[in-house]
Each structure stands twice: as structure tokens, then as C-alpha cells.
Amino acid sequence: MDTNVSPYINVLLTSLSRKALRNFIIIVFLLFSVWPIIVDLTQEVFDYQWFGLSPIGAWGNQQGFNIVNFILLYCIGGWLRLNEVSILPRKRNFIWIMVVVVLLFGWSLVCSHLYKQGMRSSWVYHNPLVIIYSVLLFLFFNSLHFTNRFINYLAKLVFLCFLIHSGVIANVDIGISRVCNGNILVMLAHYMVFSIAMIAVSCIAYEFYNLITKRFFSKLDNKEIPYRFNNLQKK
């Protein structure tokens, strides 16, 4: 999406005044996060799938795995960047992170006693609390100032690691159920070994992917879409 859609989203975001951009973020957040999670909750309570009620898709919200949710998060990120948002001091920000974690955990406990359509609504990616939690985490780490080449490199592997490890867990018996019901030290060791292995595999896959696509993306980097930031100066 970064190389195909985001430049045009940037044109939209940078053409709005600060007030209009804030109103836009509120509208899309309510429309594509709050309303979908209400649909999910009613489906869990009544054990019935509401066809066509979701603003994301006729058959539901796909647990947040969709281009609508990805663009929503991109727009929120753009709003944070363009307005240089820093909502709270670091300590208070961390406190609110813990508050949201507790709320999500409580939500998940409630969901465990309800009927469910697919995955529990507490953990889906379009859940407003999940999005707020992500924003708070981003602002917390954005307030830290340090440079580390190793961390920057690993950041490039995150999406590939997500795709690869999901496929491995779904299709390969790596003993997760057994170790989770056994000794906690064995479970932690299993978790560390599996995580390191997935990072290593993702590293190889990333380098292979980069080798194939480098020339193509280097040509796209030479293309430029002019952005106008004048409207952002308006109150």
C-alpha cells in the first residue's frame, strides 16, 4: 500500500486545514472503528451475523484484516505526524497504556462468556481500544530518542514476520498447546526459540524480497507527487 495508495492519501490529508483534518479523523474513526465494533458485539450477544450492517463489508469486518482498517490507521498516523501530536507526558502516557490494557483484558473476559462469530471482538484490529492502545504505544516510544541500526533493520521485518509466523502456527505442529500447559520455564524457552527462528526466517525472506523488488521500487522513488501544506497553517 505504501508505494501505490499512500501518496494519494497524503494529498488528501495535506489539503485539509487542521480543523478539517481533525473532523475527518473523528468521522472515519466513528464510521470504521466504533460502528463496526458495535456490529461485532451485537453478533456475539445474539449469535447472529448481520448481513450488510457493517460499513466495512457485507459479511462483516474481517476482524480488522482489511484495506479499510489499514487506511484508517494510516490516516490516524498522518494526523499525528502533521499535527506533531504529543498528547501526554511519558509517565502519564504509560499509565493510560496500562488502563487500556486492563479494559481490553476485562472486555476479553466478558467475551469469553458470550456467543461469538469468529474471533472475539476484544482483540480484533478495528476495536477502538486496540487502535487507541496502538496510538498510545506509538506516542510513548516516539518520545524516546535514540538510534539503533539493529532495531531499525528489524522494523523492516515486522510485516513479513507476521505473515510467516501465522502460517507456521496454522500449518505446523510446533507444540504450542503442550508447552503452554506445562512448565512455565519450558514455555518461555519455547517462546524465545520460536521468536528467534521466525526473525531469522523473516530476515532471509526480506533480503530475497528486497533483491527482487529493489529495482522496481527505486524507479518509483524517482517519481514525485507535490504536496501543498499551506492549508495546514489554518486554525
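The notes below deal with the structure included here. A quick note: this is a predicted structure, and the numbers were derived from the prediction, not measured.

1. Brief notes about the pattern of salt bridges
Moving on, step 1. Throughout the structure, instances matching the rule amount to one salt bridge.
Moving on, step 2. Its salt-bridge partner being Asp 173, residue Arg 178 comes within 3.6 Å of it at the nearest N-O pair. Take Arg 178 and Asp 173: they sit in the same class, and that class is exposed.

2. Structural notes on helix H3 (residues 67-82)
Moving on, step 1. The end-to-end C-alpha separation of H3 is 22 Å, in line with the 22 Å expected for 16 residues at 1.5 Å each.
Moving on, step 2. For H3, the secondary structure elements touched by its buried residues are helix H1 (6-15), helix H2 (18-46) and helix H5 (128-142).
Moving on, step 3. The N-terminus of H3 is capped by Asn 66, whose side-chain oxygen sits 3.2 Å from the backbone nitrogen of Val 68.
Moving on, step 4. The first or second residue beyond H3 is Glu 84, which carries a positive phi of 50 degrees.

3. Topic: the packing of helix H7 (residues 158-171) against helix H9 (residues 184-221)
Moving on, step 1. Their axes nearest at 9 Å, the elements H7 and H9 cross at an angle of 125 degrees. Looking at the two axes, H7 sits oblique to H9. Where H7 crosses over H9, the two elements pack in a sense that is right-handed. The residues of H9 that touch H7, namely those facing Leu 160, Cys 161, Ile 164, His 165, Val 168 and Ile 169, are Phe 194, Met 198, Ile 199, Val 201, Ser 202, Ala 205 and Tyr 206.
Moving on, step 2. Looking at the contact of H7 with H9 residue by residue, the class counts come to 11 nonpolar, two polar and no charged.

Conventions we followed
- Residues numbered from 1 in each chain as written.
- Predicted model: local features only at pLDDT ≥ 70, side-chain atom pairs only at ≥ 80, totals over all residues.
- Heavy atoms only, no water.
- Salt bridge = Lys/Arg side-chain N within 4 Å of Asp/Glu carboxyl O.
- Buried < 20%, exposed > 50% of the residue type's maximum accessible area, 1.4 Å probe, protein only.
- Helix = DSSP H or I, 4+ residues; strand = E, 2+ residues; numbered from the N terminus.
- Expected span 1.5 Å × (residues − 1).
- Contact = heavy atoms within 4.5 Å.
- Polar contact = N/O pair within 3.5 Å; in protein donor to acceptor, adjacent residues only side chain to side chain.
- Axes fitted to C-alpha atoms, helices over the stretch in contact; angles between N-to-C directions.
- Parallel < 35°, antiparallel > 145°, perpendicular 65-115°, else oblique.
- Left-handed = near helix turned anticlockwise from the far one by under 90°.
- Nonpolar A, V, L, I, M, F, W, Y, C, P; charged D, E, K, R; others polar.

This is a description of form; function is not addressed.
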